[in-house]
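Spelled out, the chains give:
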Amino acid sequence: MRRCLFTFVLASGFLGTALLGQSDIPVQVMHYADMILYNGKVLTADDKFTIGQAVALRDGKILAVGDTALIQKMAGPNTVRIDLQRGTVTPGFIDSHSGGSQGGHGPSGPTYMKNYTSLRCEDLDDCLRKIKAAVEKAPAGEWVFTNPFRTAAAYQLNIQLLDQLAPNQPLLVTLDNTTGFVNSKAFAYFKDYMADEVVQAGIFRDKNGQPTGRIAGGAYGVMTYEILPYPEGQRLEDMIQKEIKRRKFINRMGVTSLGARHSGLSISIVREIQRRGQMPMRARVSTEFMRLNPRTEGYMRRLGNFMDVGDEWFKIGGGTVSSIDSTPGNAGLLTRNPMRQTESWYAFGADGQNKWKEMVPEGKDWKKYSDYENALLAGKYGWNVSDFHIQGDGGVELALEVFDKINETTPVKGRNYGMVHGLMRPPDLARRLAQYDAVLSMSAQYLFRGKGTVGYLEKQYGPDAVAGMSAIRDLIDVGLKPVMEVTNGADWRDPSRGAAGEYLDDQNLFLEDMELFVTRKNNETGKVWGPHERATREEVLKMATAWAARFYGDEKILGTLEPGKLADLVVLGGDYMTVPEEQISDLPILKVIVGGKVTYDRDRDESWFQEALKKGAGSSDSMD
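Residues numbered from 1 in each chain as written. Predicted model: local features only at pLDDT ≥ 70, side-chain atom pairs only at ≥ 80, totals over all residues. Heavy atoms only, no water.

J.: Would you take a moment to explain the overall build of the protein chain for this structure?
T.: Each helix and strand in the protein chain was counted, giving 23 helices and 24 strands. For the protein chain, with 624 residues in total, the buried portion stands at 60%. Contacts spanning at least 24 positions in sequence make up 73% of the contacts within the protein chain whose residues lie at least 6 apart. A total of about 24,400 Å² of accessible surface is found on the protein chain, and carbon and sulfur atoms cover 48% of it. (Helix = DSSP H or I, 4+ residues; strand = E, 2+ residues; numbered from the N terminus. Buried < 20%, exposed > 50% of the residue type's maximum accessible area, 1.4 Å probe, protein only. Contact = heavy atoms within 4.5 Å. Areas by Shrake-Rupley, 256 points an atom, 1.4 Å probe, with all protein chains shown as cover.)

J.: Explanation requested: the state of the cysteines in the structure shown.
T.: Here is the idea: a disulfide is a covalent bond, and it sits between the sulfur atoms of two cysteines. Taken as a whole and judged by the stated rule, the model has one disulfide. Paired by a disulfide, Cys121 and Cys127 hold their sulfur atoms 1.9 Å apart. In this structure, the disulfide formed by Cys121 and Cys127 twists by about 55° around the S-S bond and is classed as right-handed. Each member of the pair, Cys121 as well as Cys127, is classed as buried. (Disulfide = S-S within 2.5 Å.)

J.: Even after reading the chapter, I still don't get the nonpolar core, so can you show me in this structure?
T.: Most often, soluble globular proteins keep nonpolar side chains buried together rather than apart. Grouped together as the largest cluster of nonpolar side chains are 144 residues, with contacts concentrated most on Met223, Trp356, Phe388, Phe403, Leu447, Met514 and Tyr576. Not counting chain neighbours up to four residues away, the residues in contact with Met514 comprise Phe93, Met484, Val540, Leu541, Ala544 and Tyr576. Core analysis: the second largest hydrophobic core is formed by 21 residues, Ile131, Ala154, Leu171 and Val173 among them. (Core = buried A, V, L, I, M, F, W, Y, C linked by side-chain atoms within 4.5 Å.)

J.: Would you mind going over the sheet that holds strand 23 (residues 589-594) with me for this structure?
T.: Backbone-to-backbone hydrogen bonds join strands into a sheet, with any given pair of strands oriented parallel or antiparallel. Pairing is mixed in the open sheet, where six strands are placed in the order 3-2-7-22-23-24. With partners counted over all chains shown, the strands left at the sheet margins are strand 3 (51-52) and strand 24 (597-601), one partner each. On the sheet, helix 23 (residues 602-615) packs against strand 23 and strand 24 and is oriented at approximately 50° with respect to strand 24. (Pairing = 2+ DSSP bridges. Axes fitted to C-alpha atoms, helices over the stretch in contact; angles between N-to-C directions.)

J.: Can you walk me through helix 21 (residues 537-544) in this structure?
T.: An α-helical turn contains 3.6 residues, so any two residues separated by three or four positions project in the same direction. Most of helix 21 sits inside the fold, with seven of its eight residues counted as buried. Among all positions of helix 21, only Arg537, Glu539, Val540, Leu541, Lys542, Met543 and Ala544 are buried.

J.: Help me understand the packing of aromatic side chains, please; the structure alone is not making it clear to me.
T.: For any pair of aromatic rings, geometry is given as the distance between the ring centres together with the angle between the planes. Applying the stated rule across the entire model yields 20 aromatic pairs. Aromatic pair Phe306 and Trp383: ring centres 4.9 Å apart, planes at 85°, arrangement edge-to-face. Placement of the pair is Phe306 in the loop between helix 11 (296-303) and strand 17 (314-319) and Trp383 in the loop between helix 13 (371-380) and strand 18 (388-390), with a sequence separation of 77 residues. Here Phe403 and Tyr417 contribute two aromatic rings whose centre-to-centre distance is 5.2 Å and whose plane-to-plane angle is 70°, an arrangement assigned as edge-to-face. With Phe403 in helix 14 (residues 393-407) and Tyr417 in the loop between helix 14 and strand 19 (418-421), this residue pair connects regions lying 14 residues apart in the sequence. Under the relative-accessibility criterion, Phe403 is labelled buried at 0%. Members of the aromatic cluster, joined through ring pairs, are Trp356, Trp366, Tyr372, Phe388, Phe403, Tyr417 and Tyr436. The lysine or arginine in question, Arg214, covers the ring of Phe204, its NZ or CZ lying 4.4 Å from the ring centre. (Phe/Tyr/Trp six-rings, centres within 6.5 Å; stacked < 30°, edge-to-face > 60°. Lys NZ or Arg CZ within 6 Å of the ring centre and 35° of its normal.)

J.: Quick question: what am I supposed to make of the side chain of Arg252 here?
T.: Of note, Arg252 is situated in helix 9 (residues 233-252). Apart from residues lying up to four places away in sequence, Arg252 is in contact with Leu504, Asp505, Gln507, Ile589, Val592, Tyr600, Glu606, Phe609 and Gln610.

J.: Sorry if this is basic, but what is going on with the sheet that holds strand 11 (residues 171-174) here?
T.: Pairing within the open sheet is mixed, and its six strands lie in the order 9-10-11-12-14-13. A strand with exactly one partner marks an edge of an open sheet, and here the two such strands are strand 9 (116-119) and strand 13 (203-205). Recorded for the sheet is a direction-independent mean angle of 25° between the axes of neighbouring strands. Where strand 10 (residues 144-148) lies against strand 11, three bridges are found, and the strand directions are parallel. In the sheet register, Val144 faces strand 11, and the bridge partner there is Leu171. Across the sheet, helix 8 (residues 217-227) is in contact with strand 11, strand 12 (179-182), strand 13 and strand 14 (211-216); its angle to strand 14 comes to roughly 80°.

J.: Which parts of the structure should I look at to understand the packing of helix 9 against helix 23?
T.: Two quantities define a packed helix pair, namely the angle between the axes and the distance from one axis to the other. At a closest axis distance of 12 Å, the pairing of helix 9 and helix 23 adopts a crossing angle of 130°. When the axis of helix 9 is compared with that of helix 23, the two are oblique. The interaxial crossing formed by helix 9 with helix 23 has left-handed handedness. Within the contact between the two elements, helix 9 uses Lys245, Lys248, Phe249 and Arg252 and helix 23 uses Glu606, Trp608, Phe609, Gln610, Ala612 and Leu613. When its residues are assigned to classes, the contact of helix 9 with helix 23 shows five nonpolar, one polar and four charged. (Parallel < 35°, antiparallel > 145°, perpendicular 65-115°, else oblique. Left-handed = near helix turned anticlockwise from the far one by under 90°. Nonpolar A, V, L, I, M, F, W, Y, C, P; charged D, E, K, R; others polar.)

J.: How do you make sense of the pattern of salt bridges when you look at a structure like this?
T.: Oppositely charged side chains may form a pair once their charged atoms are brought near each other. Applying the stated criterion across every chain yields a total of 36 salt bridges. With a shortest N-O distance of 3.0 Å, Glu297 and Lys380 are connected by a salt bridge. With Glu297 in helix 11 and Lys380 in helix 13, this pair connects stretches of sequence that are 83 residues apart. Residue classification places Glu297 among the partly exposed positions, given a relative accessible area of 26%. In this structure Lys380 comes out as exposed when scored by relative accessible area, which is 54%. A salt bridge links Glu562 to Lys565, with the shortest nitrogen-to-oxygen separation between them at 3.5 Å. According to the relative accessible area criterion, Lys565 is buried, its value standing at 11%. Beyond isolated ion pairs, a larger network of salt bridges with shared partners links Glu237, Glu272, Arg275 and Arg276. (Salt bridge = Lys/Arg side-chain N within 4 Å of Asp/Glu carboxyl O.)

J.: Just to check I follow, could you spell out the packing of helix 11 against helix 13 for this structure?
T.: Running from N to C, helix 11 and helix 13 point in directions that differ by 25°, and their axes come no closer than 10 Å. Considering their axes alone, helix 11 and helix 13 lie roughly parallel with respect to each other. Pair helix 11 / helix 13 crosses with right-handed handedness. Each of Thr296, Glu297 and Met300 in helix 11 lies in contact with helix 13, whose residues at this interface are Asn374, Leu377, Ala378 and Lys380. Residues of the contact of helix 11 with helix 13, tallied by class, amount to three nonpolar, two polar and two charged.

J.: For this particular structure, what's the right way to read helix 8?
T.: In terms of burial, helix 8 is a largely internal element, nine of the 11 residues being buried. Close packing links the buried residues of helix 8 with strand 11, strand 12, helix 6 (184-187), helix 7 (197-201), strand 13 and strand 14.

J.: It is not clear to me how the pairing of strand 23 should be interpreted in this structure. Could you clarify?
T.: Along any regular strand, the residues point their side chains to alternate faces of the sheet. The buried fraction of strand 23 is high, at five of six residues. Here strand 22 (residues 569-572) pairs with strand 23 via four bridges, running antiparallel. Within strand 23, the position partnered with Val570 by the bridge is Val592. Sheet topology note: the strand 23/strand 24 ladder contains four bridges and is antiparallel. Following the sheet pairing, Ile593 is matched in strand 24 by Val598. Between the antiparallel neighbours strand 23 and strand 24 lie two residues, among them Gly595 with a positive phi of about 60°.

If you want it as structure tokens, here you go:
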């Protein structure tokens, strides 16, 4: 190791005595490390999982990894020296799938609008009462938005009922991110889009040909991306400030790169934060421009292929289409086999929800008029789909059908087609996914975080089936390299959101999910689900770093601590490799470094975070 490191140092000119330009500026001074971290355990996460004692950084990149004595020789008079005191340095954590920004996913409901209300209803009358209350709170003439829980009752709404509730205001009731209901005032905004065949296909009609108020697919996409009011002025600034805070809290968890699917609004917010110099992490984007877009092919011809366009700080990593299926909580997983138990309030059948099929009324060609077609167009024009939302194995089969069709003319392998959430990935489908070298993002929240979601799954599919979900071992054994998603849905703390707004309070959220994939032990009940699917702590670290870099094609510049790669690091106050498995999440995060700069330092910054938590979401203070 010492010989290799000195060879590198000599090649870089660190020990050279030649002069450059002026005779009083020796080369060795210009080549000192900017920062060294020493006297600890440096986990490079490279192919051999090399472990050093110290690491040197220069010009925002890794200069060298080696033993403490050698790395200290690279320090000059202005080098920042950090004594690790036997702590651990890892590559910066990469979250492959998170909420795009405070603007959220465009079609998930305009949560950023002032007249937005999230509600749950037990039956149709309950839905109507709660929607009416939301309408009455809104100023006269303004748009009103509600998002009832996906129950069978919500699907019983119609345009006549909504007109009675809101006769003078445009009203949108979103059921999920592919379908919703509108009243007549809102439907009138479609007048300029009625000639579009895909929009027409997404407008549900009664037996007399009159609109029922339900819109889906391309019609729903036009409504949520193109018709709804765009936030401006102070409302937009408030969103920017909330997202600044949100990303600081995520960076505090050790996250140095955040990947997400982004609406146009989300992209604009992220770019504005970067323009202001307040972005504490790298941004990776799956753009939503083809999602629920009735004119995807026209967009692609106008825009051209800008996949992988960007720089080290911001990059378009691919495109995304709408979700194939839904979530466990409402029995929305699209599955190959029926659930063993369903309940009357579920809006779907025993095989779950095929959102693509629901984009058009029964009898229409759903593949032609849904995002099935948009996914095929992505392949035709050289894009990937980097963010397939799929939970059930039936959804995986549908995506593989798309892969097979694209692969007939354009190779899929090597283009980083990605799937997120990772609940059902059985071995037979895993082998097919491995043939395409798909990138699979996995979440620990379903089985291992709390008892709510896993309780639904156990009821729906039985404990034996649940034990094989969120598979890690099976995926790795067939040659796949699964990656981590942790902060998806995590919002800046807002008491009105209840548990959904509390995730960012937990600095060790990312480390806890890493621990949960190692132990597979539910953090609330203590039950171990599928011990045969455990991953090693080395593999889990790679899921969070080296393998995660592949999701957006960054493996050549990110993910490992190797000379020449970007200097993104996490400093832990303990030994990740020897601490008991159940205590991985207890390791304190002392520092986070992005591009060789300290973006979080516990001693320097923690008081600000504690004060921000006390103030809650209402404060617009930002951190210098």
